[in-house]
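Commentary on secondary and tertiary structure
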Amino acid sequence: MTHIDAGAELDPVHPVPMPSPPAIGLSTAQVAERVARGEVNDVPVRSSRSLSEIARANVFTRFNAIIGALWLVMLFVAPFQDSLFGYVIIANTGIGIIQEWRAKKTLDSLAVIGESRPTVRRDGAAVEIGTSEIVLDDLIEIGPGDKVVVDGVCAEADGLEIDESLLTGEADPVVKRPGDKVMSGSFVVAGGGAFKVTRVGREAYAAQLAEEASRFTLVHSELRSGISTILKYVTWMMIPTAIGLIISQLVVKQYGLKDAIARTVGGIVPMVPEGLVLLTSVAFAIGVIRLGRKQCLVQELPAIEGLARVDTVCLDKTGTLTEGGMDVTELRTLDGHDETYVRQVLGALGESDPRPNASLQAVIDAFPDTEEWRCTESLPFSSARKYSGASFSEGNGESSTWLLGAPDVLLTDGDPALEETGRLNEEGLRVLLLARAARDLDGPDVAKGARPAALVVLEQRLRPDAADTLHYFAEQNVHAKVISGDNAVSVGAVAGKLGLTGVTVDARRLPAAKEDMARALDEATVFGRVTPQQKRDMVGALQSRGHTVAMTGDGVNDVLALKDADIGVSMGSGSEATRAVAQIVLLNNSFATLPSVVAEGRRVIGNITRVATLFLVKTVYSVLLAVLVVCWQVEYPFLPRHLTLLSTLTIGIPAFFLALAPNKERARPHFVRRVMRYSIPGGVVAGVATFVTYLIARHHYTGAGSLDAETSVATLTLFLISMWVLAIVARPYTWWRVVLVASMGAAFVLVLVVPWLQHFFALKLVGMQMPWIAVGIAAVAAVALEFLWRWVGRRFPA
């Protein structure tokens, strides 16, 4: 790779870089001119939905339309009490908008923290600016890991290799030379350089990508898709049932129009589980806020749920298990090389790379540069090559070419230095080989024939929280796989220090076939010498065996694997490319934050499963009651106010607290099946028991006011059964769950004993015999519920 002077120009006939003065970039005045003309990259960063989109999504829903239409009808034909359900919908929608808006603000503020700040050259100086401050013709410097944020033309290149896989699907890096196009959305994998901006704002390809990527969610959410499936079936059940109920109440039973309409609406409204969608959104939104306080940026909301379902987490060693920094602990010369001379070589190598990685930075810190050596050519480090190199003109006039990288890549099998490297790797130390090359740097086999000169021994800094996090995953039966580009023995030693045991494998010996690779991955724990493409293949192989895979990483070589994994987790200090494709970004660079994400996901999944059962029991018994009313040709037993009261006390208020409560249950699949297996029997028992009470009451009460008395005892039965469903769902009990259930029961008793509340809700128990019969029927139904739910749990395990 030939070193090119900054600002090299191209001859139109001979595309060979010609020396030219270094490009100084735009001047302050030129930047101001372009800003005045609007030639600025002012595309807004959209990490989530806008306020108008949030409002529309919460207001204009299928079920809000149904409830809203019924509410308008009730406002004209019935007392205020029968219109309460409409105000509940307004309150619920308002809560949903406010909570999601809070989550959006948290998300946006965190996105600004994690946003890349490209380096531009202005007035001859390199400065960092926000992406929105870039103007047309700016000169942007790029190096390994940097994402290309706007379109441009390459102006300078020093071994510049750009990965355009996110644009073209082609995994191989593309070598860029001055004059080549540089597209936004790509990222640098090796070398460095600068490019001149040719398109900004909405004209840039980045803006088009952002517009496509800014859809609210990309991660599959079993909760959301499951709830959508349930709601679709509920809609189809509602339509014929509602039509039958309308005909029954308006035509067959020739009562007053207003009363018939009120009871018809009273039968339709509770069929709609409108609060279920709201609570799911609120639970996700609050999860984002909670994780945001821990400096965890969730770029796609359902990623919280996704990580909770993960059963295999692939960890990149560097930056995840170990801290970014390293220290040189020893220098071992080989083949009689002079240590002083070797130190000079290492110092010069460190100075030759303007963007050193962690290993080279440790070399720079340990071996200061000598001004007598001048770099004439450089070969930046590449994770595919596993080494870097440079050619020098030494102080005495001699020339030499040196390579620094992985010993097992640069040395031939059987070399004595490999045995020594192996012993050091077993101690968890990282080893780099300094070798003198016998070939030119731009040759295809530059490493061939290289003569070893020294081993540079590095010690990695372990993250203090890594061991506890690995222990947490082990307790949760989440399998950890350490996948690294480093030497397998060294990686295994580091994993061992952190308490992670298992078979260590050199990835170069892994089978290529997906099925065979998947089997090997299941059997082993630590993998070294993994290439970027292998990381991607390994994720695919694990997924082929039914695993839900999370991938963590911070380097450019992790991008493809992060993109393919079910959940990608990037460190905040990682490359812009990894942050761009990850669903979760740990802004504090702490691997220890992951258990919090898992716990938050489990809280959401477990609690939504609980409250979904409450909502759908109501839907089932409402549909069943409507069908029974149509078949028996009787008045619908409830007015909207009765079911508003029941829904508020047995579902609405309890569900809100249960949805946000702590929950450490293991996340399990098949959401729809798990919810419906309890909701259907629960709803059937509640509906049948309530209708039996209603029919008995119709024979018991006669004369004026009999319908109100019948409604009251039917309401009592339905409330007691719904309370028992709540008591079952609230298990296992804690003090606050007991208080929650008891307070809902006390609130209903208050309605029955306070005269003005009796009148407001049209509830008054008449006599002693029928109310006690209602209690007895509810008690039998409660026993039946206990038996049925236990039988279902055994017969249809989740």
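Residues numbered from 1 in each chain as written. Predicted model: local features only at pLDDT ≥ 70, side-chain atom pairs only at ≥ 80, totals over all residues. Heavy atoms only, no water.

A few words on the environment of R177. Here R177 shows up in the loop between β7 (174-175) and β8 (181-182). Separated by 16 residues in sequence, R177 and G193 have C-alpha atoms that sit 9.2 Å apart. The residues contacting R177, other than those within four sequence positions of it, are C154 and A157. (Helix = DSSP H or I, 4+ residues; strand = E, 2+ residues; numbered from the N terminus. Contact = heavy atoms within 4.5 Å.)

So, on to the packing of helix α24 (residues 706-729) against helix α25 (residues 735-753). As a packed pair, α24 and α25 sit with axes 10 Å apart at the nearest point and diverge in direction by 170 degrees. Viewed along their axes, α24 and α25 adopt a mutual orientation that is roughly antiparallel. Residues T715, L716, F719, M723 and L726 of α24 lie in contact with α25, whose contacting residues are V741, M744, G745, F748 and L752. Residues that form the contact of α24 with α25 fall into these classes: 8 nonpolar, 2 polar and no charged. (Axes fitted to C-alpha atoms, helices over the stretch in contact; angles between N-to-C directions. Parallel < 35°, antiparallel > 145°, perpendicular 65-115°, else oblique. Nonpolar A, V, L, I, M, F, W, Y, C, P; charged D, E, K, R; others polar.)

Our next topic: the nonpolar core. Among the nonpolar cores identified, the biggest contains 98 residues, and F85, I608, V611, L614, F671 and F748 are the most heavily contacted of them. With 15 residues, helix α21 (residues 594-632) is the single largest residue contributor to this core. Residues V288, L307, V313 and V597 belong to the second largest nonpolar core, which totals 34 residues. (Core = buried A, V, L, I, M, F, W, Y, C linked by side-chain atoms within 4.5 Å. Buried < 20%, exposed > 50% of the residue type's maximum accessible area, 1.4 Å probe, protein only.)

Once that is clear, we can look at the sheet that holds strand β19 (residues 504-506). Where strands meet in a sheet, backbone hydrogen bonds hold them as pairs that are either parallel or antiparallel. Judged by pairing direction, the sheet is mixed, and its 8 strands sit side by side in the order β10-β23-β22-β21-β11-β18-β20-β19 without closing on themselves. The open sheet is flanked by β10 (296-298) and β19, the only strands paired with a single partner. Neighbour-to-neighbour, the strand axes of this sheet turn through a mean angle of 20 degrees, independent of strand direction. (Pairing = 2+ DSSP bridges.)

Turning our eyes to something else, we now look at the packing of helix α11 (residues 339-352) against helix α12 (residues 358-366). Packing of α11 against α12 leaves a shortest axis separation of 9 Å and a crossing angle of 125 degrees. Relative to α12, the element α11 is oriented oblique. Handedness of the α11/α12 crossing: left-handed. Along its contact with α11, which presents R343, L346, L349 and G350, the element α12 presents L360, V363, I364 and A366. For the contact of α11 with α12, the class distribution of residues is 6 nonpolar, 1 polar and 1 charged. (Left-handed = near helix turned anticlockwise from the far one by under 90°.)

This brings us to the packing of aromatic side chains. Summed over the entire model, instances satisfying the criterion amount to 11 aromatic pairs. Ring geometry for Y472 and F473: centres 5.8 Å apart, planes at 65 degrees, overall edge-to-face. Each member of the pair, Y472 as well as F473, is classed as buried. An aromatic cluster is present here, built from Y341, W373, F392 and W402 joined pairwise through their rings. Above the plane of the ring of Y233 lies K232, whose end atom (NZ or CZ) is 5.7 Å from the centre. (Phe/Tyr/Trp six-rings, centres within 6.5 Å; stacked < 30°, edge-to-face > 60°. Lys NZ or Arg CZ within 6 Å of the ring centre and 35° of its normal.)

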